[in-house]
Amino acid sequence: MANENMLPDQDVTYLNVMQALVEDKAGKYIQMAGVCPCPRCRIDVVALTLSKLPSKYVVVQKADAVPMLSVYENRYGTALVSNLLAACEQVKAHPRNAT
């Protein structure tokens, strides 16, 4: 007998919480720090930030992904912001864009 509470596999996904949070917040801190907003500089900021943070993979139902992010944002918010700002300063000081 099948469990009626089980969802089909396509309703479940894995998520790197840190990556999702950094990508969500990067634009705000890039603008605040006065970093070039081009795609290359944004990618550099995201990559530098993620290299300093631990990855945190979770398995969630797709509908629960956004609420799950807020839980982890509260837990890792300080580290996330400090690493984002440090990455912004590094990219601002040494941009690798084409301009």
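Here the structure is shown first, and the text comes after it.
Residues numbered from 1 in each chain as written. Predicted model: local features only at pLDDT ≥ 70, side-chain atom pairs only at ≥ 80, totals over all residues. Heavy atoms only, no water.

A. Quick look at the nonpolar core. Judged by nonpolar contacts, the single largest core of 24 residues is most densely connected at Val35, Val45 and Cys88. Listed by contribution, the elements that provide at least two residues to this core are helix H1 (17-33), helix H2 (39-52), strand E2 (57-61) and helix H3 (65-93). Counting residues per element, this core draws most heavily on H3, which supplies eight residues. When residues no more than four places from it in sequence are discounted, the contact partners of cysteine 88 are Tyr29, Ile30, Ala33, Val35 and Val45. (Core = buried A, V, L, I, M, F, W, Y, C linked by side-chain atoms within 4.5 Å. Buried < 20%, exposed > 50% of the residue type's maximum accessible area, 1.4 Å probe, protein only. Helix = DSSP H or I, 4+ residues; strand = E, 2+ residues; numbered from the N terminus. Contact = heavy atoms within 4.5 Å.)

B. Geometry of the pattern of salt bridges. According to the stated counting rule, one finds four salt bridges in the structure shown. Taking the shortest distance from any N to any O, the salt bridge between lysine 25 and glutamate 73 comes out at 2.7 Å. Taken as a pair, lysine 25 in helix H1 and glutamate 73 in helix H3 lie far apart in primary sequence, 48 residues in all. Look at lysine 25 and you get buried, because its relative accessible area is 17%. With a closest N to O distance of 3.2 Å, arginine 96 and aspartate 44 form a salt bridge. In this pair, arginine 96 sits in the segment after H3 while aspartate 44 sits in helix H2, placing the two residues 52 residues apart along the sequence. Under the relative-accessibility criterion, arginine 96 is labelled exposed at 54%. (Salt bridge = Lys/Arg side-chain N within 4 Å of Asp/Glu carboxyl O.)

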